[in-house]
Amino acid sequence: MDWITTVDHKKIAILYLWAGGLFFGIGGLEAILIRIQLIKPMNTFLDAQTFNELITMHGTTMIFLGVMPVIFALMNAVIPLQIGARDVAFPFLNSLGFWTFLFGGLLLNLSWVMGGAPDAGWTAYTPLSGKGYSASHGVDFYTIGLQIAGLGTLIGGINFLATIITMRAPGMSFMRMPMFAWATFITSAIILFAFPAVTVGLVLLTFDRILDANFFNVAGGGNPVLWQHIFWIFGHPEVYILILPAFGIISEVIPTFSRKRLFGYSSMVFATILIAFLGFMVWAHHMFTTGLGPVANALFSVSTMLIAVPTGIKIFNWLFTMWGGQVRFTTPNLFAAGFIPTFTMGGVTGVMLASAPADFQFHDTYFVVAHFHYVIVGGLVLGLFAGLHYWWPKMFGRMLSESLGKWTFWTFIIGFHLTFFVQHFLGLMGMQRRVFTYLPNQQFDTLNLVSTVGAFLMGVGMIIFLVNVFLTSRRPADAPEDPWEDGRTLEWTIPSPPPEYNFKQTPLVRGLDAFWKEKMAGHKGMTPAEPVGPIHMPSATILPFLMSVGIFIAGLGFMFSRDEFSSSIMSFLFNNYIVTALGLLITFGSMLMRSLFDDHGWHIEPEELEGR
Amino acid sequence: MTTAHAEAAEGTLPHEPEKASLEGRNKVLAFWLFLGGEAVLFGTLFATFLALRNQTNEGPSAAELFHLPLVAAATLLLLVSSLTSVFAIQAMHRGNVAQLRNWLLVTVLLGLAFLILEIYEFSVYIRHEEFGMTTSAFSSAFYTLVGFHGAHVAFGILWITVLIGQLMHKGLTVVTAPKIYVSAMYWHFIDVVWVFIFTVVYLLGKVG
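It should be emphasised that the depicted structure is a prediction, and the values quoted were computed from it without experimental measurement.

A.B. asks: Would you mind showing me how to read the overall build of chain A here?
C.D. replies: Counting its regular elements, chain A contains 20 helices and two strands. Computed over its C-alpha atoms, the radius of gyration of chain A comes to 24 Å, within 12% of the 25 Å expected for a compact globule of 612 residues. With the principal axes as the frame, chain A shows a C-alpha extent of 70 × 60 × 50 Å. Looking at chain A as a whole, 60% of its 612 residues are labelled buried. Considering only contacts within chain A whose residues lie at least 6 apart along the sequence, 82% involve residues at least 24 apart. Carbon together with sulfur atoms contributes 70% to the accessible area of chain A, which is approximately 22,800 Å² in total. Between the mean site of the 30 positive side-chain charges and the mean site of the 34 negative ones, chain A shows a separation of 9 Å.

A.B. asks: What's the story with the interface of chain B and chain A in this structure? I'm lost.
C.D. replies: Interfaces are often described in size by the accessible area the parts lose on coming together. If you look at the interface, chain B gives 32 residues, while chain A gives 36 residues. The interface formed by chain B and chain A holds six residue pairs in polar contact (both at pLDDT 80 or more) in total. Of all the elements in the fold, those that place two or more residues in the side of chain B that touches chain A are α2 (22–52) and α6 (137–170) of chain B. Looking at the side of chain B that touches chain A element by element, the count peaks at 15 residues for α2(B).

A.B. asks: Looking at this model, I keep getting lost on the pattern of salt bridges. Mind explaining?
C.D. replies: If the charged atoms of two oppositely charged side chains come close together, the side chains can form a pair. All names here are of chain A. Within this structure, the stated rule accounts for 14 salt bridges over all chains. For the salt bridge of Arg-209 with Asp-140, the shortest nitrogen-to-oxygen distance reads 2.7 Å. On the criterion of sequence distance, the pair formed by Arg-209 in helix α6 (residues 179–210) and Asp-140 in helix α5 (residues 138–166) is long-range, its members being 69 residues apart. Of the charged contacts in the structure, one is a salt bridge between Arg-433 and Asp-364, with a shortest N-O distance of 3.6 Å. With Arg-433 in the loop between α14 (402–428) and α15 (445–473) and Asp-364 in the loop between α12 (356–362) and α13 (366–396), this pair connects stretches of sequence that are 69 residues apart. A residue is classified by how much of its surface remains accessible, and Arg-433, at 15% relative accessible area, is buried. Connected through salt bridges with shared partners, the residues Lys-131, Asp-212 and Arg-562 form a single ionic network.

A.B. asks: I keep staring at the packing of α6(A) against helix α8 (residues 265–279) of chain A and nothing clicks. Help me out?
C.D. replies: Helices that pack against each other are described as a pair by the angle of their axes relative to one another and the distance between those axes. All names here are of chain A. Following both chains from N to C, one finds α6 and α8 inclined at 15 degrees, their axes separated by 10 Å at the closest point. Taken as axis vectors, α6 and α8 run roughly parallel relative to one another. In the crossing of α6 with α8, the sense of the turn from one axis to the other is right-handed. Across the interface between the two elements, Met-179, Trp-182, Ile-186 and Ile-190 from α6 touch Tyr-265, Met-268, Val-269, Thr-272, Ile-273 and Ala-276 from α8. Classifying every residue of the contact of α6 with α8 by side-chain character gives nine nonpolar, one polar and no charged.

A.B. asks: Looking at this structure, I do not really get empty space enclosed by the protein. What am I missing?
C.D. replies: To find leftover empty space, a probe the size of one water molecule is rolled over the atoms. Residue and element names in this part refer to chain A. Applying the stated criterion across every chain, the model contains five cavities of 30 Å³ or more. Within this model, the largest cavity holds a volume of roughly 150 Å³. If you trace the largest cavity, you find 16 residues lining it, with Phe-64, Met-68, Ala-149, Gly-150 and Thr-153 closest to the centre. Going through the elements one at a time, α3 (48–82), α5 and α6 are the ones with two or more residues in the lining of the largest cavity. Counting residues per element, the lining of the largest cavity draws most heavily on α5, at six residues. Among the residues making up the lining of the largest cavity, the classes are represented as 11 nonpolar, five polar and no charged. Space inside the second largest cavity adds up to approximately 100 Å³. Residue contributions to the lining of the second largest cavity peak at three residues, all from helix α7 (residues 224–258). Counted by class, the lining of the second largest cavity contains seven nonpolar, two polar and three charged residues.

A.B. asks: Would you mind going over the packing of α3(A) against α5(A) with me for this structure?
C.D. replies: Residue and element names in this part refer to chain A. Two numbers describe how α3 lies on α5: the axes approach to 12 Å, and their chain directions differ by 20 degrees. What the angle tells us is that α3 and α5 run roughly parallel. Helix-helix and strand crossings are classified by hand; for α3 and α5 the assignment is left-handed. For the pair α3 and α5, the contacting residues are Thr-60, Phe-64, Leu-65, Met-68, Phe-72, Met-75, Asn-76 and Ile-79 in the first and Tyr-142, Leu-146, Ala-149, Thr-153, Gly-156, Gly-157, Phe-160 and Ile-164 in the second. Per-class residue counts for the contact of α3 with α5 are 11 nonpolar, five polar and no charged.

A.B. asks: Please explain α7(A) as it appears in this structure.
C.D. replies: All names here are of chain A. In a regular helix each residue adds 1.5 Å, so 35 residues correspond to 51 Å; α7 covers 51 Å between its end C-alpha atoms and thus fits that length. Along α7, the sharpest kink reaches roughly 30 degrees, centred on Trp-232. In terms of burial, α7 is largely enclosed, as 31 of its 35 residues are buried. The residue sitting at the N-terminus of α7 and contributing the capping side-chain oxygen is Asn-223; that oxygen lies 3.0 Å from the backbone nitrogen of Val-225. Phi turns positive one or two residues past the end of α7, at Arg-259, with a value near 50 degrees.

A.B. asks: Looking at this structure, how should I read the side chain of Thr44(B)?
C.D. replies: Relative to the assigned elements, Thr44(B) resides in helix α2. Residue Thr44(B) is classed as buried on the basis of its relative accessible area of 10%. Those residues in contact with Thr44(B), other than ones at most four positions away along the chain, are Ala197(A), Val200(A) and Ile230(A).

A.B. asks: Any chance you could explain unusual backbone geometry here in plain terms?
C.D. replies: With glycine set apart, most residues show a phi of negative sign, and most peptide bonds adopt trans. All names here are of chain A. Residues Thr-126 and Pro-127 are joined by a peptide bond in cis, for which omega reads 0 degrees. Put simply, Ser-496 and Pro-497 share a cis peptide bond, and its omega is -15 degrees. Within the secondary structure, Pro-497 is located in the loop between α15 and α16 (514–520). With phi around 65 degrees, Arg-434 is a residue other than glycine that occupies positive phi space. Looking at where Arg-434 falls in the secondary structure, it is placed in the loop between α14 and α15. Notably, Asp-513 is not glycine yet its phi reads approximately 55 degrees, a positive angle. Following the sequence through the fold, Asp-513 ends up in the loop between α15 and α16. Judged by its relative accessible area of 13%, Asp-513 is buried.

What counts and what doesn't
- Here, residues in each chain are numbered from 1, in the same order as that chain's written sequence.
- For naming, the first written chain is A and the first written ligand is 1, with later ones following in the order written.
- Side-chain atom pairs in this predicted model are given and counted only at pLDDT of 80 or more, local residue features only at pLDDT of at least 70, and totals for whole chains, interfaces and linings cover all residues.
- Water and hydrogen atoms play no part in the side-chain values, which are based on all heavy atoms of the structure.
- Comment: elements are numbered from the N terminus, with helices defined as DSSP H or I runs of at least four residues and strands as E runs of at least two.
- For the radius of gyration, the atoms used are the C-alpha atoms, and the globule rule reads 2.2 Å times the number of residues raised to 0.38.
- Exposure classes here rest on a 1.4 Å probe applied to the protein chains alone. A residue is buried below 20% of its type maximum, exposed above 50%, and partly exposed in between.
- Any pair of residues with heavy atoms lying within 4.5 Å of one another is described as a contacting pair.
- Computed by Shrake-Rupley with a 1.4 Å probe, the accessible areas treat only the displayed protein chains as cover when residues are assessed.
- Positive charges are assigned to Lys and Arg, negative charges to Asp and Glu, while His and the chain termini are left out of the count.
- A charged residue contributes its charge at one atom only: NZ of Lys, CZ of Arg, CG of Asp or CD of Glu.
- Any pair of nitrogen or oxygen atoms within 3.5 Å is treated as a polar contact; in protein, a donor-acceptor pairing is required on top of that, and neighbouring residues in sequence qualify only through side-chain atoms on both sides.
- Salt bridge, as used here: a side-chain nitrogen of Lys or Arg that lies within 4 Å of a carboxyl oxygen of Asp or Glu.
- Lines fitted to the C-alpha atoms define the axes, with helices restricted to the stretch that makes contact. Angles between their N-to-C directions range from 0 to 180 degrees.
- Each angle gets one of four labels, with under 35 degrees taken as roughly parallel, over 145 as roughly antiparallel, 65 to 115 as roughly perpendicular, and the rest as oblique.
- Here a crossing is called left-handed whenever its near helix is offset anticlockwise from the far helix by less than a right angle, and right-handed whenever the offset is clockwise.
- Classification used: nonpolar for Ala, Val, Leu, Ile, Met, Phe, Trp, Tyr, Cys and Pro, charged for Asp, Glu, Lys and Arg, polar for all others including Gly.
- Lining residues are defined by having an atom within 4 Å of a point belonging to a cavity or pocket. Those points lie on a 1 Å grid over the protein atoms alone, cavities being sets where a 1.4 Å probe fits but cannot get out and pockets being open sets with protein on both sides within 12 Å along at least five of seven lines.
- Grid points are joined across faces, edges and corners, and a volume is the space filled by probe spheres set on the points.
- Take the residue count of a helix, subtract one, and multiply by 1.5 Å to get its expected span.
- Bending is quantified residue by residue as the angle between axes fitted to the seven-residue window ending at that residue and the seven-residue window starting at it.

Given below as structure tokens:
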């Protein structure tokens, strides 16, 4: 119950981590099933329909329900601490964001047991995702489930923006902010301007499917390419929503374990902003083969290649940070160091794909699959591992085992390259993506076998990580405040795990890498910016949970509103939108409650603070 | 902050009560950000409408359908309601709760009148012109864009009504003031979107 009603950002971070981890596991199992099916030609392990459902759900789950929540977990755990704040700007909304994400994800995955998962690919291209080709409720689960989950992401983004703008500790100007906080800030801005586009796209597709609207239906005057534009004007920035936080994590981990300040801090900040800006300018490079014409293709080709410039700046700055530093290869730093070459390889194939004429060859082959897995797994997932190992002691008060961590790293990264490196060649030799099997003797056989073996090795790496987490959880929580001993930022100045109010006294920030600066000046801790006084805390509340339950019920009700039921009661309830209305009533009722009864919160008194 | 507290202790609110507390300032800032997201939302809907506005699928076209005097009347109602919400905020800054309540009520009533006209407009199209959601890509885009705006108006009416109740119940405080201020921002935003709808959907549909 405590977990359902909590509004504490540190607990919400842990909720995000468990929920995201659960979905990550589901998405991983789906990937393993896909790789088993492709282990040999003409395999009959899965049928075509199941395979389509698996690839659709693997992509959707991993991006929206797997890695994004883990990113949000780290942001929630770390951002208020890094900027010296006691909480986020809107603790209530923070909780609401988590619960809408979770219920959206649950709705999406209910499709497995309620008559078939979505099967039109994670991009849900029309007309394939229209009723004509996808008559079951699968795609409805996709549109409505993602809509609800996306709401949570948008709420989270606005919350972090407001938090970072208004709640930084005294002295922390924007140019003294840690890189992970910068990455979160820019990521949240991308979320704010990208997610509403997919909101509209999903609404249009829902209306096409449930209300028989004609947005993408050619027979009624609609235009399927419109879906691609709307999807990718969200979908391309989404790539940077995923990768910028990883950049932020790497920029924290490498300086800490090199005992040097980040090389070219201000160029890192501007590179991040530039990447975010360019991220919005390049969506049509996903659509070179739809026939936009040479002018559009050329423009989107060039703007895409431009992104390599700020990204290159980042890569070189990390290398220069390590250069001449006292580098320690702890598990987090191992992942960070592994990230750099792996992500660079993904970036290089990105430039190849950005060349429109070449893309006509690469399009819809395993070359593309290899490229985006290098970026998202070799980039983001390695970054998340680095961040999880780095901040685990801060989140849970327990150090993860270093030796198991190194085992995780080596099995995972070797498995990763085995799986995806060979897929570049499979693609160049002509193996198409999204096909459930292939003919023998096309030289695809061995490489597919290698790829599947690699996937299993990645699975082993994940299991070692879970074992590490399990064993660690049984040890006493005795991590020191600054367990890596070279902590540079504010989160390492308070106990692990931090008390509910984070900072007894808001710290005074005197420069970039605030804690490091104090250490170098010979001080033990931060200078407080305020006297010890009562701390105002928000009350726990069940309302965000109830609101999300309401939206969940309304979504289900709307989805089945046109169905025929064998029982007359069911058809009465669903066909008259009674279930939908009930769900909305719960949500709006909860909103009304929130509006009518003010939360005065509670105070932690100075005596209590001293008592600890 | 200290002066704000001192004035509140004397029974008078600070000049801008919506910005007197950190929570209030956060709320106003976050609402600006939210409106940025809303702008993208409506931008995407407008783009969809512009892409599909001539795809009538042998159904009624914009030029045959729209009746400008009706739309002009609706526009007038909504624009005036934006003005009255400004009066409400001015009354709030003067600390005059009765005037604040009255202007909010006028705003809500004007919004309601707008909504009734829109529902009447839609019902005419559906009943007499056989122009429904499923008729054409143009009809789908029209009902979705204009309907989304209408839903925003309806939500705004409910929201401000609740706020009026809250104002009567709790009075004007540093807690209620930011909510009222933010709802006025929302109402202006809806109004701006309608100006675009009036131009892009109705005027362009009639003459373009």
